Structure formats: C-alpha cells, structure tokens
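In case you want the letters, here they are:
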Amino acid sequence: MTNGRADRNFCTLKFLFGVATHKGYFIIRQHQTMPWQATDDFRLVGQSDSGTVFEQNIILSADDGQLLKARRVFA
C-alpha cells in the first residue's frame, strides 16, 4: 500500500490517480487548477487544534475520462 503526503505542487492528476491505482491513500493540499466536482455539501466532522473540521465528497476528472472519488477536508 502506498501512502502519500505532499505539498500542493505534487497535486497532479497523474500523481493522485497513480496512488489510487496502487490502492494507496493521500493527504495533499489542493492545487488551484485541480479539476473536481462536489457530490455533496461540506459537513461538520469534528474539531482540531486549528478549529472546526469539515469534509466534502468530490470526484476528480482526468483528461482521459477516468474518475476518482475523493474527500476534501477543510479546517
């Protein structure tokens, strides 16, 4: 299993889909140009040292039509 944690400069579709292909997980800052679509609204999931934490389900879209379900987390 591959686990990735990186800066938003590594937030490319090739990297994210590659991690998912190998049944891995990632926590990464979202890059401004990342193509995604929300499938629901943000929902409250808890508290952290920096404040309230919300998450949202999204779908990432690759140029070749591949789709990847993911979650956005906001604190």
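### Some words on the overall build of the protein chain
Each helix and strand counted, the protein chain has 1 helix and 6 strands in total. The secondary structure elements of the protein chain, listed N-terminal to C-terminal, are β-α-β-β-β-β-β. Classification of the 75 residues of the protein chain by burial places 24% in the buried group. For the protein chain, the proportion of contacts with a sequence separation of at least 24, taken over those separated by at least 6, is 20%. Surface summary for the protein chain: the accessible area is close to 5800 Å², and the carbon and sulfur share equals 52%.

### Details of the pattern of salt bridges
Pairing between side chains becomes possible if they bear opposite charge and their charged atoms approach one another. As enumerated under the stated definition, the model contains 3 salt bridges in all. Within this structure, D40, R43, E55 and R71 form a network of salt bridges that share partners.

### Considerations on the environment of I27
With respect to the helices and strands, the residue I27 is situated in strand β2 (residues 25–28). A relative accessible area of 61% means that I27 is categorised as exposed. I27 sits 11 residues away from L16 along the chain, and the two C-alpha atoms are 9.8 Å apart.

### A word on helix α1 (residues 13–21)
Taken residue by residue, α1 has L13, L16, F17 and V19 as its buried positions. For α1, the arc enclosing every buried residue in end-on projection is 155°, short of the 170-degree limit, so these residues lie on one face. Of the exposed residues in α1, those oriented more than 90 degrees away from the buried face are K14 and T21. As for α1, its buried residues are in contact with β2, β5 (51–61) and β6 (67–74).

### Brief notes about the environment of S61
Along the polypeptide, S61 turns up in strand β5. Look at S61 and you get partly exposed, because its relative accessible area is 30%. With 27 residues separating them along the chain, S61 and M34 place their C-alpha atoms 8.8 Å apart. Sequence-distant contacts of S61, that is, excluding residues within four places in its chain, are made with L13, P35, Q66 and L67.

What counts and what doesn't
Residues numbered from 1 in each chain as written. Predicted model: local features only at pLDDT ≥ 70, side-chain atom pairs only at ≥ 80, totals over all residues. Heavy atoms only, no water. Helix = DSSP H or I, 4+ residues; strand = E, 2+ residues; numbered from the N terminus. Buried < 20%, exposed > 50% of the residue type's maximum accessible area, 1.4 Å probe, protein only. Contact = heavy atoms within 4.5 Å. Areas by Shrake-Rupley, 256 points an atom, 1.4 Å probe, with all protein chains shown as cover. Salt bridge = Lys/Arg side-chain N within 4 Å of Asp/Glu carboxyl O. Arc of directions from axis to C-beta.

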